[in-house]
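Observations on the three-dimensional arrangement
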Amino acid sequence: DRGPGRATSPARPLVFAHRGSSAAEPEHTLAAYLRAIEEGADGVECDVRLTRDGQLVCVHDRRLERTSNGHGVVSTHTLAELDKLDFGSWHPGPGEDDDELIYDASGEGRGRILTLDRLLGAVHDANRPMRLLIETKHPTRYGAAVEELLVESLRRHGLHEPQGGRPVEVTVMSFSALAVRRTRRLAPQLPTVMLMDLLPAGLRSGRLPFGSRIGGPGVRLLRAHPEIAHRLHARGHQVYVWTVNESADLDYLIELGVEGVITDRPGFVRRRLDEL
Ligand code: G3P
Ligand code: CA
């Protein structure tokens, strides 16, 4: 029995490109997102952070060193300062681990920092419906500023509520229940994902906090505790799993009936799902 949550769910999970097609292109660059769209992703994932002058930029780490030629903390730089840096010269090494990224000077110059506004423009121009998963980082450091600016920006683009077939569908995600609560207060219609890196305390009930409809466990956590998916499905919730790069994990998750997979390799996942 797959539970009531499966009744209307797709048989194949949606494919979301994690930080863009980030196994093939430097993460969070426009090139990575355009490639994900080309490779047939249903949607893309990005992390957002605040600059010193209150702009939302797509960067995962708190600091600049791993993914750019800059130094220091992202939020202590203005957007104009970040715009002078190169985010396009880092490529994944042979392993799966973030620590194995290596420098490749041939990419120099093409890696302008990506603002959320520019990413919204790119997904809008995809010429087919696209989903956008936006993860807010640093929920406590700036009070509610990240969520407020995010909702303001989405409102400007008309994306602060479900689009009903319009080109871009936005979902906001966080590991922080506080951030999810703030987002839902500011934009009650916006779907949210409660991300999980540990077994959630209230799992027994299968109920997600603050009206989130989607649970987002990591693939290792879910493989150790598949009951997370069973409980969420039994409550009618959906399950989006990160970061799914291996065939064995993908096959396992298809069997489990999850609704979304977030992957660094959207082309590979798309092809594998198309073979089913
Ligand atoms: O999609 C969720 C996943 O992105 C969370 O982990 O560290 O890649 O932001 P992280
Ligand atoms: Ca993320």
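Going by what an unreviewed UniProt entry lists, the protein is known as Glycerophosphodiester phosphodiesterase and is assigned to Planosporangium thailandense.

1. A look at the overall build of the protein
Of the regular secondary structure elements, the protein holds 9 helices and 11 strands. Out of the 276 residues belonging to the protein, those deemed buried represent 45%. Contacts spanning at least 24 positions in sequence make up 59% of the contacts within the protein whose residues lie at least 6 apart.

2. Some details on the site of ligand 1
All residues adjacent to ligand 1 are His18, Glu45, Asp47, His60, Glu135, Leu195, Gly216, Trp242 and Ile262. Residues of the shell around ligand 1, tallied by class, amount to 3 nonpolar, 3 polar and 3 charged.

3. Remarks on the environment of Phe268
By the element assignment, Phe268 lies in helix H9 (residues 266–274). The class for Phe268 is partly exposed, based on 19 C-beta atoms found within 10 Å. When the C-alpha atoms of Phe268 and Glu246 are compared, they prove to be 9.3 Å apart, with 22 residues separating the residues in sequence.

4. So, the nonpolar core
Side chains that are nonpolar tend, in soluble globular proteins, to be buried together. If you look at the biggest cluster of nonpolar residues, it comprises 64 residues, and the most contacted ones within it are Val44, Val48, Val57, Ile134, Val241, Val244 and Val261. Element by element, the count of residues in this core is highest for helix H1 (residues 30–38), at 5 residues. Look past the residues within four positions of Val48 in its chain and what remains in contact with it is Leu56, Val57, Cys58, Leu116, Ile134, Thr136, Lys137, Val146 and Leu150.

5. Examining unusual backbone geometry
Most of the time, phi is negative for any residue but glycine, and the peptide bond is trans. At the junction of Trp242 and Thr243, the peptide bond is cis and its omega measures out at -25° in the coordinates. Assignment of secondary structure puts Thr243 in the loop between strand E10 (238–242) and helix H8 (247–256). Its identity is not glycine, yet Asn127 carries a phi of approximately 70°, on the positive side. Here Asn127 lies in the loop between helix H3 (116–124) and strand E6 (130–136). Asn127 sits in the exposed class, given 8 other C-beta atoms within 10 Å.

6. Topic: the environment of His60
With respect to the secondary-structure elements, His60 resides in the loop between strand E3 (56–58) and helix H2 (79–82). What makes His60 partly exposed here is the crowd of 19 C-beta atoms within 10 Å. For the pair His60 and Glu27, spaced 33 residues apart in sequence, the C-alpha separation works out to 8.8 Å.

7. A look at helix H5 (residues 177–186)
Every buried residue of H5 is accounted for by Ala179, Val180, Arg182 and Thr183. End-on, the buried residues of H5 take up no more than an arc of 160°, which puts them together on one face. Those residues of H5 that are buried lie in contact with E6, helix H4 (145–156), strand E7 (168–174) and strand E8 (192–196).

8. Thoughts on the packing of H1 against H3
For the pair H1 and H3, the least separation of the axes is 10 Å and the interaxial angle reads 20°. The angle between the axes of H1 and H3 places the two elements in the roughly parallel class. The two elements H1 and H3 meet at a crossing, and its hand is right-handed. Every residue of H3 that contacts H1 at Leu30, Tyr33 and Leu34 is listed here: Arg118, Leu119 and Ala122. Class assignment of the residues belonging to the contact of H1 with H3 gives a composition of 5 nonpolar, no polar and 1 charged.

Calculation rules
Residues numbered from 1 in each chain as written. Chains lettered and ligands numbered in written order. Predicted model: local features only at pLDDT ≥ 70, side-chain atom pairs only at ≥ 80, totals over all residues. Helix = DSSP H or I, 4+ residues; strand = E, 2+ residues; numbered from the N terminus. Buried ≥ 20, exposed ≤ 12 C-beta atoms within 10 Å, placed from the backbone. Contact = placed C-beta atoms within 7 Å. Near = placed C-beta within 6 Å. Nonpolar A, V, L, I, M, F, W, Y, C, P; charged D, E, K, R; others polar. Core = buried A, V, L, I, M, F, W, Y, C linked by C-beta atoms within 7 Å. Arc of directions from axis to C-beta. Axes fitted to C-alpha atoms, helices over the stretch in contact; angles between N-to-C directions. Parallel < 35°, antiparallel > 145°, perpendicular 65-115°, else oblique. Left-handed = near helix turned anticlockwise from the far one by under 90°.

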